[in-house]
Amino acid sequence: GENVEQHPSTLSVQEGDSAVIKCTYSDSASNYFPWYKQELGKGPQLIIDIRSNVGEKKDQRIAVTLNKTAKHFSLHITETQPEDSAVYFCAVPNSGYSTLTFGKGTMLLVSP
Amino acid sequence: NAGVTQTPKFRILKIGQSMTLQCAQDMNHNYMYWYRQDPGMGLKLIYYSVGAGITDKGEVPNGYNVSRSTTEDFPLRLELAAPSQTSVYFCASSYSGGLGYEQYFGPGTRLTVT
């Protein structure tokens, strides 16, 4: 299956700062890149995704950028708030697109 | 819409016992998945199904079994529970496969095997 590496594993920021999480993948044919957010005690939830025909997608304070040549994509959160504190997962489809391989997750802590 | 529901929320098993984790979705999704989440290890796919009557192994299927007799239900069976199966189990569903189709996750079942 796909090999996905996610960094950092933990990230602490002050409220109002920006946060960036990066994922690298192995299959150059991949063309769909979602990010999921998991709040404490809950299941993950999709927050943003991007397809390979665009280099960046924004939704209010979150954005995802994609570098297909280097095979990495990143989640950017601006003006962080305490409610952004959660675990964030990137994911990449496996061949055939029936399943996703998830990164190991990044625990983001936003301090007031 | 209840979305994806899982029962039970918590369970403690003794080594060697068996149990079934229940999962149901009311969104008429074709695809359903079972993941386990260990601390610091992300989500690992156990089994998945692309429709009623069709199941396939994921990354970590050993020690588990599944069935999909209806579109709505996708139970996960643990036979002869082992301490290595202590984990949080998530069920998910999606309308179709990974390309652009959101996976909706249930709230999880926390299982401890002692």
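Residues numbered from 1 in each chain as written. Chains lettered and ligands numbered in written order. Predicted model: local features only at pLDDT ≥ 70, side-chain atom pairs only at ≥ 80, totals over all residues. Heavy atoms only, no water.

K.L.:
Give a detailed account of the overall build of chain B, specifying residues and quantitative values.
P.N.:
For chain B, the count of helices and strands is zero helices and eleven strands. Reading chain B from its N end, one meets helices and strands in the order β-β-β-β-β-β-β-β-β-β-β. Taken over the C-alpha trace, chain B has a radius of gyration of 13 Å; the compact-globule value for 114 residues is 13 Å, and the two agree within 12%. Viewed in the frame of its principal axes, chain B has a C-alpha envelope of about 40 × 30 × 25 Å. (Helix = DSSP H or I, 4+ residues; strand = E, 2+ residues; numbered from the N terminus. Rg over C-alpha atoms; globule rule 2.2 N^0.38 Å.)

K.L.:
Run through the sheet that holds strand β1 (residues 4-7) of chain B, naming residues and quoting values.
P.N.:
All names here are of chain B. With antiparallel pairing, four strands are arranged side by side in an open sheet as β1-β3-β8-β7. Across the chains shown, the open sheet's two edge strands, defined by having one partner strand only, are β1 and β7 (64-66). The mean angle between the axes of side-by-side strands here comes to 20°, regardless of whether they run parallel or antiparallel. As judged from the three bridges shared by β7 and strand β8 (residues 76-78), these two strands associate in the antiparallel manner. Counterpart to Val66 in the pairing with β8 is Leu76. (Pairing = 2+ DSSP bridges. Axes fitted to C-alpha atoms, helices over the stretch in contact; angles between N-to-C directions.)

K.L.:
Lay out the state of the cysteines in plain terms, naming residues and giving numbers.
P.N.:
This structure, assessed with the given rule, holds two disulfides over all chains. Shown here is the disulfide that connects Cys23 of chain A with Cys90 of chain A, its sulfur atoms set 1.8 Å apart. Looking along the S-S bond of the Cys23 of chain A-Cys90 of chain A disulfide, the torsion reads about -85°, which is the left-handed sense. Of this pair, Cys23 of chain A sits in strand β3 (residues 19-25) while Cys90 of chain A sits in strand β9 (residues 86-93), placing them 67 residues apart in sequence. On the basis of relative accessible area, Cys90 of chain A is assigned to the buried category, the value being 0%. One disulfide bridge connects Cys23 of chain B with Cys91 of chain B, the sulfur atoms lying 1.8 Å from each other. Residues Cys23 of chain B and Cys91 of chain B are joined by a disulfide whose S-S torsion is about -70°; by sign, that bridge is left-handed. One end of the pair, Cys23 of chain B, is in strand β3 (residues 19-25); the other, Cys91 of chain B, is in strand β9 (residues 87-94), with 68 residues separating them in the sequence. (Disulfide = S-S within 2.5 Å. Buried < 20%, exposed > 50% of the residue type's maximum accessible area, 1.4 Å probe, protein only.)

K.L.:
Residue-level account of the nonpolar core, with values.
P.N.:
Grouped together as the largest cluster of nonpolar side chains are 23 residues, with contacts concentrated most on Phe33, Trp35, Phe73, Leu75, Ile77, Tyr88 and Leu108 of chain A. Going through the elements one at a time, β2 (10-14), β3, β4 (32-38), β5 (45-51), β7 (62-67), β8 (72-77), β9 and β11 (106-111) of chain A are the ones with two or more residues in this core. Contact partners of Tyr88 of chain A, with chain neighbours within four places excluded, come to Gln6, Ile21, Tyr36, Lys37, Ile47, Leu75, Ile77, Gly105, Thr106 and Leu108 of chain A. Core analysis: the second largest hydrophobic core is formed by 19 residues, Trp34, Ile46, Tyr47 and Leu111 of chain B among them. (Core = buried A, V, L, I, M, F, W, Y, C linked by side-chain atoms within 4.5 Å. Contact = heavy atoms within 4.5 Å.)

K.L.:
Go over the pairing of strand β5 (residues 43-51) of chain B, please, and point to the residues and values.
P.N.:
All names here are of chain B. Of all nine residues in β5, seven are buried, a share of seventy percent or more. Bridge analysis of strand β4 (residues 31-37) against β5 gives six bridges, and the strand direction is antiparallel. Across the sheet, Met32 pairs through a bridge with Ser49, a residue of β5. Linking β4 to β5, which pair antiparallel, is a turn of five residues; within it Gly40 sits at a positive phi near 70°.

K.L.:
So what's going on with the packing of aromatic side chains? Which residues, and what values?
P.N.:
All names here are of chain B. The full count for this structure, using the stated rule, is 15 aromatic pairs over all chains. With a centroid separation of 6.4 Å and an interplanar angle of 35°, the aromatic rings of Tyr31 and Tyr33 are classed as tilted. Accessibility classification places Tyr31 together with Tyr33 in one group, the buried group. Measuring from ring centre to ring centre gives 5.6 Å for Tyr35 and Phe105, while their planes differ by 35°; the resulting arrangement is tilted. Within this pair, whereas Tyr35 is found in strand β4, its partner Phe105 is found in strand β10 (residues 104-105), the two being separated by 70 residues in sequence. The burial state of Tyr35 is the same as that of Phe105; both residues are buried. In this structure, Arg68 packs its charged tip against the face of Phe74, placed 6.0 Å from the ring centre. (Phe/Tyr/Trp six-rings, centres within 6.5 Å; stacked < 30°, edge-to-face > 60°. Lys NZ or Arg CZ within 6 Å of the ring centre and 35° of its normal.)

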